[in-house]
Amino acid sequence: MTQTAYARLHCIGSGNLASAGIKILGKAVCSWATNVINPQATPIAPSHPAPAKAPAVSFLSSNSTTVSVNLEAKAPFPAIRALFDHLHSHLDDVAKLNATYPHRGVIKTAALHKAESDQKFTIDLSPMRNSRIPEALRESLDPHGLGEVLDLFNAISAQYVPTILSSLSILAGTDLSVAHTSYNMNYRLCDYNPNTAAPKSSNGCGAHTDYGTFSIIFQDGTSGLELEETPGIWVPVPGDATVVLTGWCAVILSGGRISAAKHRVRRAPGVRRLSAVLFVTPDLDVKLKPLGDSQPIRTFSDTIMRGDLDVATFKDVMGKRWRYREGNEEMDNADSLSQDNEIENMVWG
Ligand SMILES: [Fe+2]
């Protein structure tokens, strides 16, 4: 199914994102985008060069802020493949890279020996983690793809993060930039590699909703990413789409005006799939409660309405779940609640 078909399938309203600096592809916009509450929302002031061009958008879901964006920047998948291939065969460089962030490591390979966890390898970077990579190690890894990868994330951060945050501010009816002053971002490369503990498993990434404000997902053309359109109904996303999807922090800060998509990645046996993801999250000390003066459109828990939960604590709770799902941390009572069940209990009244 083409991206255009997706937009036609799910969209019912009229366009409002143009005023947010995002160009709409086609004539229709999904229902969630009709909720433009406050056209006075102040766009975030970029600390980087101004965005070169507003991205064009197609919608991928009728019930969540999940869109396909047409960005000028393209992810360098040959470089991403080269970096994974180099690290898979040079364990000395893996050790050096992980030593720069000993708390959790940088490259995660639990899928090599855990058949029940997500069957993928990841490389987790961020501006903070990048700054810890010694110059000699960086120079040795640059020819194997690291340089191009970091160039991509730096470009995306500068060109698109402020624009997307401004657009979401209009949907939220409040200025989300006030909660995003420190550019709290993480970068992730994913290698859904057939050579794992369970090569025939279709579980590339278990169903979950991202915890932050929004994520930008670049794909290498291989299908596998799916959205939960309605409970239990999964819709495939075209493998060549670049996707922006919102997370729990956007849901809370917007008072429920922004919704978030549960998603997962299915593997096909013998097929390798690569992706690159940029996660944007509020500042760690932000209290997670609806921003602005407008009444929330959903009922949140007392914990949320009182502002008792900050982003750092929320990340800590969710992180335990996703690291368990990915095979990187053990958990007591891991089966009693899914990642989203636990969050729903915290968020909703
Ligand atoms: Fe995700």
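Placed above this text is the structure.
Residues numbered from 1 in each chain as written. Predicted model: local features only at pLDDT ≥ 70, side-chain atom pairs only at ≥ 80, totals over all residues.

### Concerning the overall build of the protein chain
Phase 1 of the analysis: A count of helical and extended segments in the protein chain gives eleven helices and 13 strands.
Phase 2 of the analysis: Restricting the contact set of the protein chain to residue pairs at least 6 apart, pairs at least 24 apart contribute 74%. (Helix = DSSP H or I, 4+ residues; strand = E, 2+ residues; numbered from the N terminus. Contact = placed C-beta atoms within 7 Å.)

### Considering the nonpolar core
Phase 1 of the analysis: Of all hydrophobic cores here, the largest spans 79 residues; its most connected members are Ile80 and Leu168.
Phase 2 of the analysis: It is helix H7 (residues 161-172) that provides the largest number of residues to this core, a total of seven residues. (Core = buried A, V, L, I, M, F, W, Y, C linked by C-beta atoms within 7 Å. Buried ≥ 20, exposed ≤ 12 C-beta atoms within 10 Å, placed from the backbone.)

### A few points about the sheet that holds strand S10 (residues 233-236)
Phase 1 of the analysis: Read across the sheet, four strands follow the order S7-S12-S9-S10 without closing on themselves; strand pairing throughout is antiparallel. Both outer strands of the open sheet, strand S7 (203-208) and S10, are each paired with one neighbouring strand and no more. Across the sheet, the mean angle from the axis of one strand to that of its neighbour is 30 degrees, orientation sign disregarded.
Phase 2 of the analysis: Alignment of strand S9 (residues 225-230) against strand S12 (residues 263-266), held across three bridges, turns out to be antiparallel. Residue pairing for S12: leucine 225 is matched across the bridge by valine 265. (Pairing = 2+ DSSP bridges. Axes fitted to C-alpha atoms, helices over the stretch in contact; angles between N-to-C directions.)

### Quick notes on unusual backbone geometry
Phase 1 of the analysis: Phi is positive for tyrosine 183, which is not a glycine, with a value near 50 degrees.
Phase 2 of the analysis: Relative to the helices and strands, tyrosine 183 is located in the loop between H7 and strand S6 (184-192).

### Some words on the pairing of strand S11 (residues 242-246)
Phase 1 of the analysis: Taken across its five residues, S11 has five buried, putting it largely inside the fold.
Phase 2 of the analysis: When strand S3 (residues 66-70) meets S11, the two strands line up antiparallel, connected through four bridges. By the bridge assignment for S11, valine 67 is matched with valine 244.
Phase 3 of the analysis: Pairing geometry for strand S8 (residues 214-219) and S11, over four bridges, is antiparallel.

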